[in-house]
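# Structure at a glance
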Amino acid sequence: MRKLKVILNSHPNDEWVNGFLKKTIENCYYGLKKNGYMLMNIANTPKYKFIEEETVRISKELGFIQEDTLQLTLSSVMGAGYKYEPVFVFKKKEI
């Protein structure tokens, strides 16, 4: 019987997520006053299918509270309606 090894939170773009994205969110947290807000428009793509989830996970790990998720309306897609992207609303915890 073959064994299947499952590695959680392991994606091809881990270097980008744990490098650039995490550092960007850390910088936002450091630069904000307590009770300040960070709004981030970031969306999954065919190449990066887990960016939205990773953004929320990292933000919460670093001490942000997710207060809302807004929808950014983009232009219509060839008459097939509108495309939406999330805008995550995070608040820096009172310390």
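Here is a short report on the structure shown in this document. (Residues numbered from 1 in each chain as written. Predicted model: local features only at pLDDT ≥ 70, side-chain atom pairs only at ≥ 80, totals over all residues. Heavy atoms only, no water.)

## Some words on the overall build of the chain
- A count of helices and strands for the chain gives two helices and three strands.
- For the chain, the sequential pattern of α-helices and β-strands runs α-β-α-β-β.
- In the chain, which comprises 95 residues, the share counted as buried stands at 27%.
- Accessible area for the chain stands at about 7200 Å²; split by element, carbon and sulfur atoms hold 56% of it. (Helix = DSSP H or I, 4+ residues; strand = E, 2+ residues; numbered from the N terminus. Buried < 20%, exposed > 50% of the residue type's maximum accessible area, 1.4 Å probe, protein only. Areas by Shrake-Rupley, 256 points an atom, 1.4 Å probe, with all protein chains shown as cover.)

## Side note on the pairing of strand 1 (residues 37-41)
- Burial along strand 1 is one-sided: M38 and M40 are buried, and none of Y37, L39 and N41, which face the opposite way, are.
- Bridging between strand 1 and strand 3 (residues 82-92) involves five bridges; their strand directions are antiparallel. Its bridge partner lying in strand 3, M38 is registered against F90. (Pairing = 2+ DSSP bridges.)

## Notes on the side chain of E85
- Considering the arrangement of structural elements, one finds E85 in strand 3.
- Within the buried core, E85 has no salt-bridge partner, and the shortest N-O distance to an opposite charge, that of K83, equals 4.2 Å.
- A distance of 3.1 Å separates the side chain of E85 from the side chain of N41, its partner in a polar contact.
- Those residues in contact with E85 that sit more than four places away from it in its chain are N41, A43, L70, Q71, L72 and L74. (Lys, Arg positive; Asp, Glu negative; His and termini not counted. Salt bridge = Lys/Arg side-chain N within 4 Å of Asp/Glu carboxyl O. Polar contact = N/O pair within 3.5 Å; in protein donor to acceptor, adjacent residues only side chain to side chain. Contact = heavy atoms within 4.5 Å.)

## Observations concerning helix 1 (residues 14-31)
- Its 18 residues place the ends of helix 1 25 Å apart at the C-alpha level, agreeing with the 26 Å of an ideal helix rising 1.5 Å per residue.
- Among all positions of helix 1, only V17, L21, I25 and Y29 are buried.
- Against strand 1, helix 2 (51-61), strand 2 (64-76) and strand 3 lie the buried residues of helix 1. (Expected span 1.5 Å × (residues − 1).)

## Quick notes on the pattern of salt bridges
- All told, the structure shown has two salt bridges when counted by the stated rule.
- With its nearest N and O atoms 2.6 Å apart, the salt bridge here joins E54 to R57. Here E54 and its partner R57 are both found in helix 2, three residues apart, which amounts to about one turn of the helix.
- With relative accessibility at 3%, the residue E54 sits in the buried group.
- A salt bridge links R57 to E61; its shortest N-O distance comes to 2.8 Å. On the criterion of helical spacing, the pair formed by R57 and E61 is a turn pair, its members being four residues apart in helix 2.
- What makes R57 partly exposed here is its relative accessible area of 24%.
- On the accessibility criterion, E61 (53% relative accessible area) is exposed.
- A network of salt bridges, in which partner residues are shared, links E54, R57 and E61.

Treat this as a map of the structure, not an account of what it does.
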